[in-house]
Amino acid sequence: MEDSVLIEKVLQGSEQAFRLLVEKYRNDVFRTVFAILRDQKEAEDAAQEVLIKLYTSLPQYGNQGFKTWLTRIAVNHAIDVKRKQARKLEETVQDTEQPGIAAAQDSVEKQVIHNEQRRLVRKRLDELPENYRDVIYGFYIAEKSYQQMAEEQNVQVKTIETKLYRARHWMKKNWKEDDF
């Protein structure tokens, strides 16, 4: 049966004529939509929606190449679906970037972990021999220069450098990274 006869019957209310029209073009509609969306499930849903649009838009059809007209509906709908997906993705990204409850919880968690690491490092510093502990604490925790530490301890800068070298060596020898 020709498309124009089927369309006339659909416009007169024939469900059977619409079923025949759908059977004839459903694969074409699916392929068109799938070519744009590249997702099986999304394409199936969009193809169903295109067929519904076909039914509601059929009164506006102007007998100018049915397959071309239907393909245009399918392409436009698939593009709309793709845009909606992009907007949802964009909104999701913005939601995760904005500071909120999740960010606050993440921040609290990071703070707790940071505090625990600091507590562990300070505990480990107490295990260092005292002459090494002073230079490690002064250089890494108090962020003092070699010169400042040398003046405080009334020693040469070279002595501070040597103590720091030996303290690092002691830590490498006695501590494992997994301990932290």
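Nothing here was measured: the structure is a model prediction, and the numbers come from that model.

### Side note on empty space enclosed by the protein
Gaps left between atoms show up when a probe the size of a water molecule is rolled over them. Evaluation of the coordinates by the stated rule reveals one cavity of 30 Å³ or more. Taken as a whole, the largest cavity spans an internal volume of roughly 30 Å³. Taken together, Tyr 25, Asp 28, Val 29, Thr 32, Lys 67, Leu 70, Thr 71 and Ala 74 make up the full set of residues lining the largest cavity. Per-class residue counts for the lining of the largest cavity are four nonpolar, two polar and two charged.

### Digging into the pattern of salt bridges
Evaluated as defined, the whole model comprises nine salt bridges. Here Arg 31 ties to Asp 28 by a salt bridge, and the two come within 2.6 Å at their closest N and O atoms. You can see Arg 31 and its partner Asp 28 sitting in helix α2 (residues 15-37), three residues apart, about one turn around the helix. Ionic pairing is found between Lys 144 and Glu 152, a salt bridge with its closest N-O pair at 2.9 Å. In this structure Lys 144 comes out as partly exposed when scored by relative accessible area, which is 26%. For Glu 152, a relative accessible area of 51% translates into the label exposed. The network of salt bridges with shared partners includes Asp 28, Arg 31 and Lys 67.

### Comments concerning the nonpolar core
Among the nonpolar cores identified, the biggest contains 25 residues, and Leu 21, Val 29, Val 33, Leu 58 and Phe 66 are the most heavily contacted of them. Those elements giving two or more residues to this core turn out to be α1 (3-11), α2, α3 (40-57) and α4 (66-97). Sorting elements by how many residues they give to this core places α2 first, with eight residues. Of all hydrophobic cores here, the second largest spans 12 residues; its members include Leu 128, Tyr 132, Val 135 and Met 149.

### Observations regarding the packing of helix α6 (residues 130-141) against helix α7 (residues 146-153)
Put simply, α6 and α7 touch, their axes get as near as 10 Å, and they point 140° apart. By the angle class used here, α6 and α7 are oblique. Relative to α7, the crossing made by α6 is right-handed. Here Asp 134, Val 135, Gly 138 and Phe 139 of α6 come into contact with α7, specifically with Tyr 146, Met 149 and Gln 153. Within the contact of α6 with α7, the residues separate by chemical class into four nonpolar, two polar and one charged.

About the thresholds
Residues numbered from 1 in each chain as written. Predicted model: local features only at pLDDT ≥ 70, side-chain atom pairs only at ≥ 80, totals over all residues. Heavy atoms only, no water. 1 Å grid on protein atoms, 1.4 Å probe; cavity = no way out; pocket = protein on both sides within 12 Å on 5 of 7 lines; lining within 4 Å. Points joined across faces, edges and corners; volume = space filled by probe spheres on them. Nonpolar A, V, L, I, M, F, W, Y, C, P; charged D, E, K, R; others polar. Salt bridge = Lys/Arg side-chain N within 4 Å of Asp/Glu carboxyl O. Helix = DSSP H or I, 4+ residues; strand = E, 2+ residues; numbered from the N terminus. Buried < 20%, exposed > 50% of the residue type's maximum accessible area, 1.4 Å probe, protein only. Core = buried A, V, L, I, M, F, W, Y, C linked by side-chain atoms within 4.5 Å. Axes fitted to C-alpha atoms, helices over the stretch in contact; angles between N-to-C directions. Parallel < 35°, antiparallel > 145°, perpendicular 65-115°, else oblique. Left-handed = near helix turned anticlockwise from the far one by under 90°. Contact = heavy atoms within 4.5 Å.

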